[in-house]
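# Tertiary structure, described
The primary structure of each chain is shown beneath.
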Amino acid sequence: MLFLRMQHDKVLILDFGSQYTQLIARRVRELNIYSEIHPFNKIPTHLEDYKAVILSGSPNSVRGEDALHPDLKGIRGVKPVLAVCYGAQYLAHFSGGEVAPSNTREYGRANLSFIKGNEPFFAHIHTGSQVWMSHSDTIKKLPEHGVLIASTHDVENAAYRINGEETYAIQFHPEVYHSTDGKQLLENFLVSIAGIHQDWTPDSFVEETVEAIKEKVGTDKVVLGLSGGVDSTVAAVLLNKAIGRNLYCIFVNNGLLRKNEFESVLNQYEGMGLNVKGVDASGRFLDALAGIEDPEKKRKAIGNAFIEVFDDEAHKLEDVKWLAQGTIYPDVIESVSATGGPSATIKSHHNVGGLPDFMKLKIVEPLRAIFKDEVRRVGATLGIDPELLGRHPFPGPGLGIRILGDITAEKVRMLQEVDAIFINGLKESGLYDRVWQAGAMLLPVNSVGVMGDERTYEKCVALRAVESTDGMTADWVNLPYEFLQKVSNDIINKVKGVNRVVYDISSKPPATIEWE
């Protein structure tokens, strides 16, 4: 693995299981300040490496038997602390204050009705500023030495500080979009109060990562599996910048890519000066998937087949010692929950969990420290084509998890045609860049239709388009009816075997972006 020895000021975020924890880290990064997320009960031993600490929210209650208790020795009164929601309630409840159930759940938009004057924490923020609440408990009494600094109409103790410490606490969430001055508040705390330098930039990341790769890998050979996506592409360009021709890229056609994607992406990679070999193993993957319907079993079958193909190709190279992966920061932090154990598995990540012992390769992950939006900014700094950087995310198992039920070559062909009409239609209509991710699902459902004078009994496909920033949450995109009408007609008229098209208007949560 690749860990950067950065000289940047760092922010420690202690995670209590909030759905918004990743958003806190991303908002801090947007201020050009480096942040790290750690479970509340696995606090790093080298606290001197961090200039400030943020305590996240939590689905737990500080009043419950399952209340989460962080060890704040070496933090409170020593470093600047910002306690958000659960963190604010924790400091109050266990330090002489009082937390009680709200009469009504405090959730949604609110406005600051009172801000104490001359508080650097609220510099450039005025009464009336909108904030986002998300809690069922409320602080009735401030902790010992607590000083009220802000209220809303319904929440008196919306924000407080503690005398004698650089500790601030808020019952609202500055990290979410709906808190209109949330970024300003974070900047006030991190820059004005904690004195942190804003020098975490794409340029500095590229420079430090290239030097770290050179130092760690030296003249060894590295093999990288390219997927055609943003993450593996940016990882490849970074590695190429560091070690040049000692990077060997393998682009595998698993038979589950989009229509003509293998040829077009391979040509694009070769035009970028990368040392790439294309391997068409589509038959091998389809054989491995024959008769499998369970989504997790399909993912594992695809993953195992990829490892076998990749291992065969890696053995054709001499003296390769490293495997590079496009692992990004969300992949890392999703593997550990706020309670320090494995997170509940929603679906398997194709690049998390290591390699079989027989491959005997060391791992290098140049993007392990950054989020998806940061990956794109790093790619722009590296001069990668904006069209490639703007590509929608595409799942590692490809169309294998967009075909519900068993997979056959004919179903793949059918879905490739449907997907091509949908994606090309978005591009031609100027809608592609409005969408974070789009795709089509082939459903295990036949429905009756009429074409001409004939009755048909054919497949139904679902179209999905969402807007998001990181895939953790997503809203469906309100595509124009005229566009959906045209795409539906094109699919039914041009793709043999499909007679019905539906549009998925589910948001995440509760629905995932992919159907499997």
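Remember, it's a predicted structure, so these values are computed and weren't measured experimentally. (Residues numbered from 1 in each chain as written. Predicted model: local features only at pLDDT ≥ 70, side-chain atom pairs only at ≥ 80, totals over all residues. Heavy atoms only, no water.)

For the rest of this paragraph, the subject is the pattern of salt bridges. All chains considered together, the criterion is met by 28 salt bridges. In this structure, Glu 313 engages Lys 316 in a salt bridge whose closest nitrogen and oxygen atoms are separated by 3.1 Å. On the basis of relative accessibility, which here comes to 8%, the residue Glu 313 falls in the buried class. On the accessibility criterion, Lys 316 (56% relative accessible area) is exposed. Members of the salt-bridge network, linked through shared partners, are Arg 26, Asp 373 and Arg 377. (Salt bridge = Lys/Arg side-chain N within 4 Å of Asp/Glu carboxyl O. Buried < 20%, exposed > 50% of the residue type's maximum accessible area, 1.4 Å probe, protein only.)

What follows concerns the nonpolar core. Of all hydrophobic cores here, the largest spans 48 residues; its most connected members are Val 418, Phe 422, Leu 426, Leu 463, Leu 479 and Ile 491. Once residues within four sequence positions are removed from consideration, Leu 479 is found in contact with Phe 422, Leu 426, Leu 431, Val 435, Ala 465, Leu 484 and Tyr 503. Grouped together as the second largest cluster of nonpolar side chains are 42 residues, Val 237, Ile 328, Val 364 and Leu 389 included. (Core = buried A, V, L, I, M, F, W, Y, C linked by side-chain atoms within 4.5 Å. Contact = heavy atoms within 4.5 Å.)

Let's shift gears to helix α3 (residues 182-193). Taking 1.5 Å of rise per residue, 12 residues should cover 16 Å, and α3 covers 15 Å from first to last C-alpha, within 8% of that figure. Turning to α3, its buried residues number three or more, namely Gly 182, Leu 185, Leu 186, Asn 188, Phe 189, Leu 190 and Ile 193. Residues of α3 that are buried sit in contact with β1 (10-15), α1 (21-30), β3 (50-55), β4 (81-84) and β9 (167-170). Positive phi shows up at Gly 195, right after α3, with a value of about 70°. (Helix = DSSP H or I, 4+ residues; strand = E, 2+ residues; numbered from the N terminus. Expected span 1.5 Å × (residues − 1).)

Before going further, it helps to spend a moment on the packing of aromatic side chains. Applying the stated rule across the entire model yields 15 aromatic pairs. Summarising the aromatic geometry, the rings of Phe 121 and Tyr 168 are spaced 4.8 Å apart at their centres and angled 15° between planes, so their arrangement reads as stacked. Highlighted residues: Phe 121 in the loop between β5 (98-115) and β6 (130-141) and Tyr 168 in strand β9, separated in sequence by 47 residues. Residues Phe 121 and Tyr 168 agree in their burial class; the two are buried. Among the aromatic residues, those joined into a ring-pair cluster are Phe 16, Phe 40, Tyr 86, Tyr 90 and Phe 94. Sitting over the ring of Tyr 50, Lys 10 keeps its end group 5.0 Å from the ring centre. Positioned over the ring face of Tyr 432 is Lys 427, at 5.1 Å from the centre of the ring. (Phe/Tyr/Trp six-rings, centres within 6.5 Å; stacked < 30°, edge-to-face > 60°. Lys NZ or Arg CZ within 6 Å of the ring centre and 35° of its normal.)

Keep in mind that these numbers describe shape and distance, not what the molecule does.
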